[in-house]
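Reading the structure
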Amino acid sequence: MAVLALTGCQSVAPKGLTPEQIAVLKQQGFELTDDGWEFGLSGKVLFGSDDDSLNRQSTEIVERIGKALTGVGIERVRVDGHTDASGKEGYNQQLSLRRAKSVSKVLKTVGMKEENIQLRGLGSSEPVASNATATGRNENRRVSIVVSAD
């Protein structure tokens, strides 16, 4: 009976992120959202219209983030691709997935494993700005990197 009582006292590894991991996320510019810690690459023109290639500046940002995350043991991320509202919905969904894949390729070059990178193409379903202006459309052509908080 004493053995059974003692087995209930064994410590369980904590769920969630460590204080060190959270500090690195904040340092890299991640913000806590309902989905977890998110780094949104809007504000920097990541993709031109109908383009799924990262520019050099964006590639360097993704490399820096990937190295920082793996450096503190964060090995699982979700990459969400987005588009503006120009074009057809089905095409935009595929374009947004290709954008997510281009970020995933960079994350793999810095040591993240492909099986630990979840990709989502969200098309124009989650705009962060108005699609009525060129500036708004630029903001909506983006990718978000999300680290789950659990």
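Computed from a predicted structure; not experimentally measured.

Procedures and definitions
Residues numbered from 1 in each chain as written. Predicted model: local features only at pLDDT ≥ 70, side-chain atom pairs only at ≥ 80, totals over all residues. Heavy atoms only, no water. Helix = DSSP H or I, 4+ residues; strand = E, 2+ residues; numbered from the N terminus. Buried < 20%, exposed > 50% of the residue type's maximum accessible area, 1.4 Å probe, protein only. Contact = heavy atoms within 4.5 Å. Areas by Shrake-Rupley, 256 points an atom, 1.4 Å probe, with all protein chains shown as cover. Axes fitted to C-alpha atoms, helices over the stretch in contact; angles between N-to-C directions. Parallel < 35°, antiparallel > 145°, perpendicular 65-115°, else oblique. Nonpolar A, V, L, I, M, F, W, Y, C, P; charged D, E, K, R; others polar. Phe/Tyr/Trp six-rings, centres within 6.5 Å; stacked < 30°, edge-to-face > 60°.

With respect to the overall build of the chain
Check the secondary structure of the chain and you find five helices and five strands. Relative to its 150 residues, the chain shows a buried fraction of 38%. When contacts within the chain are restricted to residue pairs at least 6 apart in sequence, long-range pairs at least 24 apart make up 71% of them. In the form shown here, the chain has an accessible surface area of approximately 8600 Å², with 51% of it arising from carbon and sulfur atoms.

Here we look at the packing of helix H2 (residues 19–28) against helix H3 (residues 56–71)
Direction vectors running N to C along H2 and H3 enclose 170°, while the axes themselves pass 10 Å from each other. The angle between H2 and H3 falls in the class roughly antiparallel. Facing Val24, Leu25 and Gln28 of H2, the residues of H3 in contact are Arg64, Ile65, Ala68 and Leu69. Counted by class, the contact of H2 with H3 contains five nonpolar, one polar and one charged residues.

Overview of the packing of aromatic side chains
Enumeration over the complete set of coordinates arrives at one aromatic pair. Seen in terms of ring centroids, phenylalanine 30 and phenylalanine 39 are 5.5 Å apart; in terms of plane orientation they differ by 50°. Their pairing is tilted. Phenylalanine 39 matches phenylalanine 30 in its accessibility class, with the two residues each being buried.

Keep in mind these numbers describe shape, not what the thing actually does.
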